[in-house]
Amino acid sequence: CVGGYSWGVGGAVGCFVFFFNQKTAYDKIKSLDIDDVYCLSVNDAFVMRQWGLHQGLVEEKSSSASPLNPGNFQQVKVLPDGACLFTRGMGMSCTW
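Residues numbered from 1 in each chain as written. Predicted model: local features only at pLDDT ≥ 70, side-chain atom pairs only at ≥ 80, totals over all residues. Heavy atoms only, no water.

Would you mind going over the overall build of the protein chain in detail, with residue names and values included?
For the protein chain, the count of helices and strands is three helices and three strands. In sequence order, the protein chain lays out its α and β elements as β-α-β-α-β-α. Residues counted as buried form 31% of the 96 residues belonging to the protein chain. Here the contacts in the protein chain between residues at least 6 apart in sequence split such that 67% fall between residues at least 24 apart. (Helix = DSSP H or I, 4+ residues; strand = E, 2+ residues; numbered from the N terminus. Buried < 20%, exposed > 50% of the residue type's maximum accessible area, 1.4 Å probe, protein only. Contact = heavy atoms within 4.5 Å.)

Here it is in structure tokens:
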């Protein structure tokens, strides 16, 4: 919680690797009084968008409250980490 604003970040091993029920997970997370939900994955923005569309997420076309958000989704915000810089910087990368 930062300044009264709660957010959660989750990571996806691979966007299309496993079955993920977005609606059920989102509802459970929001029931914890979380304001925004973010999903980070080591994929580029194009893959992350397609994953969001595949999950049935509704795209944010315009937002006066958050002018940087258009192009993302209304519920879960996707965070692409195509070069794995953030993931490595947090010490969360692994070798398979």
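Now, about the nonpolar core: what can you tell me, with residues and values included?
If you look at the biggest cluster of nonpolar residues, it comprises 10 residues: Tyr-26, Ile-34, Val-37, Cys-39, Met-48, Trp-51, Leu-57, Phe-73, Val-76 and Val-78. Listing elements by their share of this core, those giving two or more residues are β2 (36-41), α2 (45-54) and β3 (76-80). Sequence-distant contacts of Phe-73, defined by excluding residues within four places in its chain, comprise Met-48, Arg-49, Gly-52, Leu-53, Leu-57, Val-58, Glu-59, Glu-60 and Val-78. (Core = buried A, V, L, I, M, F, W, Y, C linked by side-chain atoms within 4.5 Å.)

Would you mind going over the confidence of the model for the protein chain in detail, with residue names and values included?
Scored by pLDDT, the protein chain has a mean of 76; 70% of the residues are at 70 or more. Mean pLDDT values over the elements of the protein chain span from 66, in strand β1 (residues 7-11), up to 90, in helix α3 (residues 85-89). (pLDDT = per-residue confidence, 0-100.)

Just give me the short version of the environment of Lys-61, but keep the residues and values in it.
Along the polypeptide, Lys-61 turns up in the loop between α2 and β3. Under the relative-accessibility criterion, Lys-61 is labelled exposed at 65%. Spatially, the C-alpha atom of Lys-61 lies 8.4 Å from that of Phe-73, the residues being 12 residues apart in sequence.

Provide a residue-level description of the pairing of β2, including the pertinent values.
Of all six residues making up β2, five are buried, and the element is well covered by its neighbours. In the sheet, β2 pairs with β3 via five bridges, with the strands oriented parallel. Looking at β3, one finds that Ser-41 is bridged to Pro-80. (Pairing = 2+ DSSP bridges.)

Account for unusual backbone geometry, with residues named and values stated.
Excluding glycine, residues mostly have negative phi values, and the peptide bonds linking residues are mostly trans. Of note in the backbone geometry, Asp-33 takes a positive phi value of approximately 65 degrees without being a glycine. Considering the arrangement of structural elements, one finds Asp-33 in the loop between α1 (22-30) and β2. One non-glycine residue with positive phi stands out, namely Cys-84, at about 65 degrees. The topology assignment puts Cys-84 in the loop between β3 and α3.

Tell me about a nonpolar patch on the surface, and name the residues and values.
The grouping of Phe-86, Met-90 and Met-92 at the surface amounts to a nonpolar patch, some 330 Å² of accessible area in total. Tracing the chain through its elements places Met-90 in the segment after α3. We classify Met-90 as exposed; its relative accessible area is 52%. (Patch = residues over 30% accessible without salt bridge, like charges linked within 9 Å, V, L, I, M, F, W, Y side chains within 5 Å. Areas by Shrake-Rupley, 256 points an atom, 1.4 Å probe, with all protein chains shown as cover. Salt bridge = Lys/Arg side-chain N within 4 Å of Asp/Glu carboxyl O.)

Run through α2, naming residues and quoting values.
Regarding α2, the residues found buried are Met-48, Trp-51 and Gly-52. Here the buried residues of α2 occupy an arc of 100 degrees about the axis, which is enough to place them on one side. Relative to its buried face, α2 has exposed residues pointing more than 90 degrees away, namely Phe-46 and His-54. Between the side-chain oxygen at the start of α2 and the backbone nitrogen of Phe-46 there is a gap of 3.0 Å, and the oxygen is on Asp-44. Gly-56 occupies a position one or two residues after α2 and carries a positive phi of about 85 degrees. (Arc of directions from axis to C-beta. Polar contact = N/O pair within 3.5 Å; in protein donor to acceptor, adjacent residues only side chain to side chain.)

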